[in-house]
Amino acid sequence: QGAFSGCIALEQVTVSEGVEEIGYGAFDKCAAIQELVLPSTISVIGEAAFRGCWALKSLEIPFGITVIEPYTFSDSGVKQLTIPDSVTEIKYNAFADCQGLTEIVIPDSVTKLGGGCFEDCYQLTKVHLSENLSKIPGGLFKNCMRLGQVNIPDGVTSIGSWAFYNCSSLTSVV
């Protein structure tokens, strides 16, 4: 747990091929990380592993990750994000407070989202939701004030409380 947590001067992280897991809070609050290279052998990224990595601007999650744990990338500087088709679940607050994130594509492999996944992503303007979702959880896009349009997949049967609360630019829900 927290292997490098709080190493505020750490700027570059290259995880070696062969590493399979990054533990809970491993790089939590390593605010200076600008470059993150993860190998294809990674299958687990622990809860809050990269929370508070404010200088991290782009992120490519390796194919093989099936679950994005709570708070994994929350409060980070991520502006560009690639989620692979191997991901089936994104847990609560995984990307909350990513204030630079402008667009998100949730692949059709994702069948479950946790509450508040993208809460307080103030710059988020475009979202493509997985066609295989049946529920929109509470607080999913809460306070995403620049979000203009959302396409709700046909299979969605419930939308949770506060899912789109304070999305003041939302003009179209289809």
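Trainee: For this particular structure, what's the right way to read the sheet that holds strand β8 (residues 89-90)?
Mentor: Within a sheet, neighbouring strands are paired by backbone hydrogen bonds and run either parallel or antiparallel to one another. The strand order across the open sheet formed by three strands is β6-β8-β10, and the pairing between neighbours is parallel. Only two strands of the sheet have a single partner each, and these edge strands are β6 (67-68) and β10 (112-113). Sheet topology note: the β6/β8 ladder contains two bridges and is parallel. In the sheet register, V67 faces β8, and the bridge partner there is E89.

Trainee: Even after reading the chapter, I still don't get the environment of F50, so can you show me in this structure?
Mentor: By secondary structure assignment, the location of F50 is in the loop between β4 (44-45) and β5 (58-60). Here F50 falls in the buried class, since its relative accessible area comes to 0%. Counting along the chain gives 23 residues from F50 to F27, while the straight-line C-alpha distance between them is 5.1 Å. The residues touching F50, leaving out its near neighbours within four places in the chain, are I22, F27, L36, L38, I45, T72, F73, S74 and S76.

Trainee: Where do I start with unusual backbone geometry in this structure?
Mentor: Excluding glycine, a negative phi dihedral is what most residues carry, and trans is how most peptide bonds are arranged. Backbone geometry at D75 places phi at a positive 55 degrees, although glycine is not the residue there. Relative to the helices and strands, D75 is located in the loop between β6 and β7 (80-82). Exposure remark for D75: the relative accessible area of 30% places this residue in the partly exposed category. In the Ramachandran plot, D97 falls in the positive-phi region, its phi being about 65 degrees despite a non-glycine side chain. Of note, D97 is situated in the loop between β8 and β9 (103-105).

Trainee: Could you clarify how one ought to interpret the environment of I136 in this entry?
Mentor: For I136, the position within the fold is in strand β12 (residues 135-136). With a relative accessible area of 1%, I136 lands in the buried category. The spatial distance from the C-alpha of I136 to the C-alpha of G77 is 25 Å, given a sequence separation of 59 residues. Those residues in contact with I136, other than ones at most four positions away along the chain, are L129, V156, S158, I159, G160, A163 and F164.

Trainee: Which parts of the structure should I look at to understand the side chain of S86?
Mentor: With respect to the helices, strands and loops of the structure, S86 is situated in the loop between β7 and β8. Since its relative accessible area comes to 10%, S86 is described here as buried. In this structure the side chain of S86 is engaged in a polar contact, spanning 2.9 Å, whose partner is the backbone nitrogen of G64. Here S86 is in contact with P62, F63, G64, I65, T66 and S109, once residues within four sequence places are set aside.

Trainee: Mind showing me how you'd approach the side chain of S130 here?
Mentor: Here S130 lies in the loop between β11 (126-128) and β12. When residues no more than four places from it in sequence are discounted, the contact partners of S130 are I106, P107, D108, S109, V110 and P153.

Trainee: Help me understand the packing of aromatic side chains in this model?
Mentor: Both the distance between ring centres and the angle between the ring planes are used here to describe each pair of aromatic rings. What the rule picks out here adds up to nine aromatic pairs. The interplanar angle of 5 degrees and the centroid separation of 5.3 Å between the aromatic rings of F27 and F50 together place this pair among those described as stacked. Of this pair, F27 sits in the loop between β2 (21-22) and β3 (35-37) while F50 sits in the loop between β4 and β5; the two residues are 23 residues apart in sequence, bridging distant segments of the chain. According to the relative accessible area criterion, F27 is buried, its value standing at 7%. Judged by centre distance (5.7 Å) and plane angle (15 degrees), the ring pair of F118 and F141 falls under stacked. Remark: F141 occurs in the loop between β12 and β13 (149-150) and F118 occurs in the loop between β10 and β11; sequence separation between them is 23 residues. A residue is classified by how much of its surface remains accessible, and F118, at 0% relative accessible area, is buried. The exposure class of F141 is buried, given its relative accessible area of 0%.

What counts as what
Residues numbered from 1 in each chain as written. Predicted model: local features only at pLDDT ≥ 70, side-chain atom pairs only at ≥ 80, totals over all residues. Heavy atoms only, no water. Pairing = 2+ DSSP bridges. Helix = DSSP H or I, 4+ residues; strand = E, 2+ residues; numbered from the N terminus. Buried < 20%, exposed > 50% of the residue type's maximum accessible area, 1.4 Å probe, protein only. Contact = heavy atoms within 4.5 Å. Polar contact = N/O pair within 3.5 Å; in protein donor to acceptor, adjacent residues only side chain to side chain. Phe/Tyr/Trp six-rings, centres within 6.5 Å; stacked < 30°, edge-to-face > 60°.

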